[in-house]
Protein chains: 2
Amino acid sequence: MKPANSTLANGEWERLETLEKRLGYTFTDRSLLLTALTHRSAPRLLDAHTANTNHENHNERLEFLGDAVLDLAVSALLYQHFPRAPEGMLSTWRASLVNTRTLGKVGEELSLGDLLEMGKGEDLSGGRKKTSILGNSLEAIFGAIYLDGGYEVVLQAADRLLGSRIRTLEEGKWDKDYKTLLQEKLQGSGLPLPEYRIALVSGAPHDRHFEVECLVGQQASGKGAGRSKRIAEQAAAAQVLSALAQKS
Amino acid sequence: MKPANSTLANGEWERLETLEKRLGYTFTDRSLLLTALTHRSAPRLLDAHTANTNHENHNERLEFLGDAVLDLAVSALLYQHFPRAPEGMLSTWRASLVNTRTLGKVGEELSLGDLLEMGKGEDLSGGRKKTSILGNSLEAIFGAIYLDGGYEVVLQAADRLLGSRIRTLEEGKWDKDYKTLLQEKLQGSGLPLPEYRIALVSGAPHDRHFEVECLVGQQASGKGAGRSKRIAEQAAAAQVLSALAQKS
């Protein structure tokens, strides 16, 4: 319920409450959430005396923090969900989740655009729909949740917002054949077939370490590493698949 | 005290206890710490049936997790310690702390090299002194602390190992004149003087956003952003200083 001393309009207050429901978290200090929703272009930030930005009142510091918050939360969820996946695979998946495109999409699902405070210029040029602004605001919200509720609450919110994407990533089948998948995808889209190059072989004969590059013409490339050429190639192919998915 | 059922030699056990004292954290499940100290080249990892790596028994998964763990811990410490520093400055400082060089140095201070389990080949080629191996092992240790003790304990350990570096970063003087500092440093080392280029100006007249690039010949470059050209240039200069510090 809106307290009597709130400066927010009724409609704005209700939208914040809706957002909190979707996040599964109610802020103790709602000013943190408001800061997370304030783009640096918002007019009330101008300090007439110094013409400097007041870094306390827009979301870029929270975004700095939230970027790391989300990165750890997603890493921890992946680590737990895929107990046998090698590091290279986990890194590829993390990158496919914690990026502007995916986070922007989640921000859109949360209708963050309607809630953002921003300058007129930014607003008129479609700022409320920009993937980067939505993704950055989502990061800032995670920074705010971390400061307000602590890390455990962050984990819950991350699972709520990204858990389904993590669970459908591979349905536990991380050892599926990425090379075949990549080849099929490339053939379907008229792109050149992938080329695999061994970039490094090191270690004693019983303990080899392979690093492989996968190149798709000039369009995409990926790297993978592992104890066998096959494993390294699979990881490289997975990285290319992930890169292509982010482009399309 | 070493339990009766431990398979560790007495000397190894004592070294682990010394490490725990330096970390300021005693593991409940010490096998996590041992995994964090196991390089992928360690011979006991070879699974004769599949010739695949057993990802449970070397430190690369923990390193994946620990990388994100350290990134958040350092971000949170910086955020707290520099309440008025803009995002670009915080990012620059974070990058100067969470990188192979700095983490490798901390790993060296902890004498991690003496404790690592690795293959003979890696050992003979100086693996125990490699910055990358020491840094990665430190990350893995943070992954292990996170799993064993939770995030709060991680924050304490990060503050213990990196807090002095954070506090001496700028002694709170984040608005010092980086452009002057950079110029002095370059003159002292015979490098060309920096060139500042405006990469982007956006926003309404009362709400400009500047992005500036700082170039030092072919040797180094940095980017900065801010509400004025001056602020953006300062941030870009700080980034170049940080890049140069990591090279030297």
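Each chain has its residues counted from 1, following the order in which its sequence is written. Each chain is given a letter, starting from A, and each ligand a number, starting from 1, according to the order in which they appear as written. Only residues with pLDDT of at least 70 get local features here, since the model is predicted, and only at 80 or more are side-chain atom pairs given and counted; chain-wide, interface and lining totals rely on the full set of residues.

### A short note on the overall build of chain A
- In terms of helices and strands, chain A carries 10 helices and 3 strands.
- Overall, chain A shows an N-to-C arrangement of helices and strands of α-α-α-α-α-α-α-α-α-β-β-β-α.
- Considering only intrachain contacts with a sequence separation of at least 6, the fraction spanning at least 24 residues in chain A is 58%. Labels follow the DSSP assignment, with helices taken as runs of H or I lasting at least four residues and strands as runs of E lasting at least two, numbered in each case from the N terminus. Placing C-beta atoms from the backbone, we regard two residues as in contact once those atoms come within 7 Å.

### Observations regarding the interface of chain A and chain B
- Tallying the contact residues gives 35 residues for chain A and 35 residues for chain B.
- Sorting the residues of the side of chain A that touches chain B by element identifies α3 (60-81), α4 (87-97) and α6 (120-124) of chain A as the ones contributing at least two each.
- With 12 residues, the top contributor of residues to the side of chain A that touches chain B is α3(A).

### Brief notes about helix α1 (residues 10-23) of chain B
- Given a rise of 1.5 Å per residue, 14 residues ought to cover 20 Å, and the 20 Å separating the end C-alpha atoms of α1(B) matches this to within 8%.
- Of the residues trailing α1(B), G24(B) is marked for its positive phi of about 75 degrees. Helix span, expected: 1.5 Å multiplied by one less than the number of residues in the helix.

### A look at the domain arrangement of chain A
Residues and elements named next belong to chain A.
- The domains assigned to chain A are domain 1 (10-170) and domain 2 (178-247).
- Looking at which element gives the most residues to the side of domain 1 that touches domain 2, the answer is α4, with 5 residues.
- Three residue categories are used. Nonpolar comprises Ala, Val, Leu, Ile, Met, Phe, Trp, Tyr, Cys and Pro, charged comprises Asp, Glu, Lys and Arg, and polar comprises the others, including Gly. Looking at the side of domain 1 that touches domain 2 residue by residue, the class counts come to 3 nonpolar, 4 polar and 1 charged. Boundaries between domains were set according to an automatic or database domain assignment.

### Overview of the relation of the copies chain A and chain B
- The copies are overlaid by a least-squares fit using only the C-alpha atoms of residues whose pLDDT is at least 70 in both copies. Once chain A is rotated about the relating axis by 180 degrees and shifted along it by 0.0 Å, it coincides with chain B to within an RMSD of 0.1 Å. Such a turn and shift between the copies fits a two-fold axis.
- Both copies present the same face, since 97% of the interface residues in chain A are matched by interface residues at the equivalent positions in chain B.

### Examining helix α5 (residues 100-109) of chain A
- Inspection of α5(A) places T102(A), L103(A), G104(A) and G107(A) among the buried residues, and these make up the whole buried set.
- The first or second residue beyond α5(A) is S111(A), which carries a positive phi of 55 degrees. The burial label depends on the number of other C-beta atoms within 10 Å of a residue's C-beta. Counts of 20 or more mean buried, 12 or fewer mean exposed, and intermediate counts mean partly exposed, with C-beta atoms placed from the backbone.

### Some points on the sheet that holds strand β2 (residues 209-216) of chain A
All names here are of chain A.
- Strand pairing is assigned whenever DSSP detects at least two bridges linking the two strands. If you trace the 3 strands from one edge of the open sheet to the other, you get β1-β2-β3, paired in antiparallel fashion. The open sheet has two free edges, formed respectively by β1 (195-202) and β3 (220-226), since each of these has just one partner strand. Averaged over all pairs of adjacent strands, the angle between their axes in this sheet comes to 20 degrees, without regard to strand direction.
- Here 7 bridges tie β1 to β2, and the two strands are oriented antiparallel to one another. Lines fitted to C-alpha atoms define the axes here, with helix axes fitted over just the stretch in contact, and angles between the N-to-C directions of these axes take values from 0 to 180 degrees.

### Details of unusual backbone geometry
Residue and element names in this part refer to chain A.
- Non-glycine residue S111 carries a positive phi angle of around 55 degrees.
- Along the polypeptide, S111 turns up in the loop between α5 and α6.
- Taking the number of C-beta atoms within 10 Å as the measure of exposure, S111 has 14 and is therefore partly exposed.

### Here we look at the environment of I133(A)
All names here are of chain A.
- By the element assignment, I133 lies in helix α7 (residues 131-149).
- With 24 C-beta atoms packed within 10 Å, I133 lands in the buried category.
- For I133 and L147, which are 14 residues apart along the polypeptide, the C-alpha to C-alpha distance reads 21 Å.
- Excluding residues that lie within four positions of it along the chain, I133 makes contacts with H39 and G127.

### Focus on the sheet that holds strand β2 (residues 209-216) of chain B
Residues and elements named next belong to chain B.
- Ordered in space as β1-β2-β3, the 3 strands form an open sheet in which the pairing is antiparallel. Since the sheet does not close on itself, it has two edges, and those belong to β1 (195-202) and β3 (220-226), each with one partner. Sheet twist, expressed as the mean angle between neighbouring strand axes with direction ignored, is 20 degrees.

### Some words on the pairing of β2(B)
All names here are of chain B.
- Once β1 ends, the chain turns through 6 residues before running back antiparallel as β2, passing G203 with a positive phi of about 95 degrees.
- Here 7 bridges tie β2 to β3, and the two strands are oriented antiparallel to one another. Of the residues in β3, the one forming a bridge with F210 is G226.

### Examining the confidence of the model for chain A
Residue and element names in this part refer to chain A.
- One number per residue, pLDDT, summarises how confident the predictor is, and it ranges from 0 to 100. Per-chain confidence: chain A averages 85 in pLDDT, with 88% of residues scoring 70 or above.
- Here residues 45-55 scores under 50 on pLDDT; set against residues more than four positions off or in separate chains, the count is 18 contacts.
- The complex model carries a pTM of 0.74, and its ipTM stands at 0.73.

### A few points about the packing of helix α3 (residues 60-81) of chain B against helix α8 (residues 131-149) of chain B
All names here are of chain B.
- Interaxial distance between α3 and α8 falls to 7 Å at its minimum, and their mutual angle equals 80 degrees. One finds that α3 runs roughly perpendicular with respect to α8. On α8, the residues touching L62, E63, L65, G66, D67, V69 and L70 of α3 are N136, E139, A140, I141, F142, G143, A144 and Y146. By the definition adopted for this analysis, an angle is roughly parallel if under 35 degrees, roughly antiparallel if over 145, roughly perpendicular if from 65 to 115, and oblique otherwise.

### Quick word on the packing of α4(A) against α3(B)
- Axis separation between α4(A) and α3(B) bottoms out at 8 Å; the angle between their running directions is 30 degrees. Comparing their axes, α3(B) and α4(A) come out roughly parallel. Judged by residue contacts, E87(A), L90(A) and S91(A) of α4(A) engage E60(B), R61(B), E63(B) and F64(B) from α3(B).
- Of the residues in the contact of α4(A) with α3(B), the class split is 2 nonpolar, 1 polar and 4 charged.

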